[in-house]
Amino acid sequence: MEAETEASLLAMGFPAERVRSAMATHGADLVACAAWLADTLDGSTDEDAQPASEPPAKRSKMHDAAGMSGSTALPGPKLGFHLSTLHRAWIEAGLVARRCNEGTLSITDLLSADSLCGCSELHIVNFMIDVRRWLPITSPLAPLLICC
Amino acid sequence: MDRHLRPQLDFVVHECPAVRTVPRVVVVHGDGMPPQSQCAAAEPGRFVFLQPPCERFGTHHSKALFIVRPAELTVAVLSGNFIFADVWNKTNGIWTESFPRAARAPATAGSAAAPIGAFGEDLDGYYREVRELGILMHACTSR
């Protein structure tokens, strides 16, 4: 179970060094937390309890929309308000109930081949800042504190 | 903490390879430098990066997709950024709607165009700003 939890955390994109350090120090707690969350969120369905057919790390490299979201493939994006789809590694690790991803939407749905069929132009709007440049200007001492 | 808080365009294309079939992809960013992207470097004619003027460090932290078709526009407004952690590791909200192509304003006086509502006016404003930004950028880069 610890190996599965570790693999899932790695698949979620956490740095390997930090994951291994956390597992070494708090491995049992993390596994217990995963089990507790699965119970709390009522994720212990028979479907969720099925053993994984392949390692999570390998599965995380699959990027087809239906595979990622676990939802039924749609001809286009679902309209209206939706929550975003969580990575299926959360479900496979038992941290999130499978039903939490039901009726959700992800960018793989929004930008699927079907959704972009006939599209002549796509705008991706995302105003973001680079914290590496922002932090020293707004908080000059912060980098020193982080380094220490 | 992911300190490279700029849209991860390569991640988006990796997750959604159909993006590379779109003739023109406009990336509107806000950090002074466009996001580093291998796919954009490989296909510079397909990807356009625009940075609207905004307050330092961007009080406008908007996240949206505009899928343009000849007769329809699909808009998605998201609360998450286009980075792995926001897309797959957090619960965010997404609002999506499709709109038919708006009729051009009538040239003759006395006849009114169909009302497009406040959201439609915002959309129209967005398009005008992006168009002007694109024209400005083209003028700057083609000198």
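No experiment lies behind these values; they were computed from the predicted model shown. (Residues numbered from 1 in each chain as written. Chains lettered and ligands numbered in written order. Predicted model: local features only at pLDDT ≥ 70, side-chain atom pairs only at ≥ 80, totals over all residues.)

Colleague: I tried to follow the confidence of the model for chain A on my own but got confused; where do I start?
Modeller: Detail in the predicted coordinates should be disregarded across regions flagged by low pLDDT. Residues and elements named next belong to chain A. Overall, the predicted model of chain A reaches an average pLDDT of 68, with 53% of residues at or above 70. Confidence scores differ between elements of chain A, with helix H4 (residues 56-59) showing the lowest mean pLDDT of 34 and helix H7 (residues 107-110) the highest of 95. For residues 40-75, every residue scores under 50 in pLDDT, and the model assigns this stretch 59 contacts once sequence neighbours within four places are set aside. (pLDDT = per-residue confidence, 0-100. Helix = DSSP H or I, 4+ residues; strand = E, 2+ residues; numbered from the N terminus. Contact = placed C-beta atoms within 7 Å.)

Colleague: Any chance you could explain the pairing of strand E4 (residues 72-78) of chain B here in plain terms?
Modeller: Both faces of the sheet carry side chains from a regular strand, because those side chains alternate between them. Residue and element names in this part refer to chain B. Bridge count between strand E3 (residues 63-69) and E4: six bridges; the pairing is antiparallel. In the strand pairing of E4, Ile-67 is matched with Thr-74. From the end of E3 to the start of E4, which pair antiparallel, there are two residues. The pairing of E4 with strand E5 (residues 93-100) spans seven bridges and is classified as antiparallel. Within E5, the residue paired with Thr-74 across the bridge is Ser-98. (Pairing = 2+ DSSP bridges.)

Colleague: What should I look at first to understand the nonpolar core in this one?
Modeller: Most often, soluble globular proteins have nonpolar side chains that are buried together. Counting residues in each nonpolar core, the largest one holds 40 residues, and the members touching the most others are A:Trp90, A:Leu122, A:Ile124, B:Val12, B:Val19 and B:Val27. Excluding its chain neighbours within four sequence positions, the residues that come into contact with B:Val12 are A:Ile107, A:Ile124, B:Val19 and B:Phe82. (Core = buried A, V, L, I, M, F, W, Y, C linked by C-beta atoms within 7 Å. Buried ≥ 20, exposed ≤ 12 C-beta atoms within 10 Å, placed from the backbone.)

Colleague: Looking at this structure, how should I read the confidence of the model for chain B?
Modeller: Residues and elements named next belong to chain B. Looking at chain B as a whole, its pLDDT mean stands at 81, while 76% of the residues score no less than 70. For chain B, helix H4 (residues 117-141) is the element with the lowest average pLDDT, namely 79, and E3 is the one with the highest, namely 94. Interface scoring of the predicted complex returns ipTM 0.85; its pTM is 0.65.

Colleague: Quick question: what am I supposed to make of the pairing of strand E2 (residues 121-126) of chain A here?
Modeller: Counting buried residues along E2(A), five of its six residues qualify, which places the element largely inside the surrounding structure. Judged from the six bridges that link them, E2(A) and strand E1 (residues 24-29) of chain B form a sheet pairing that is parallel. Within E1(B), the position partnered with A:Val125 by the bridge is B:Val28. Here E2(A) pairs with E3(B) via six bridges, running antiparallel. From the neighbouring strand, A:Glu121 faces E3(B), where its bridge partner is B:Val68.

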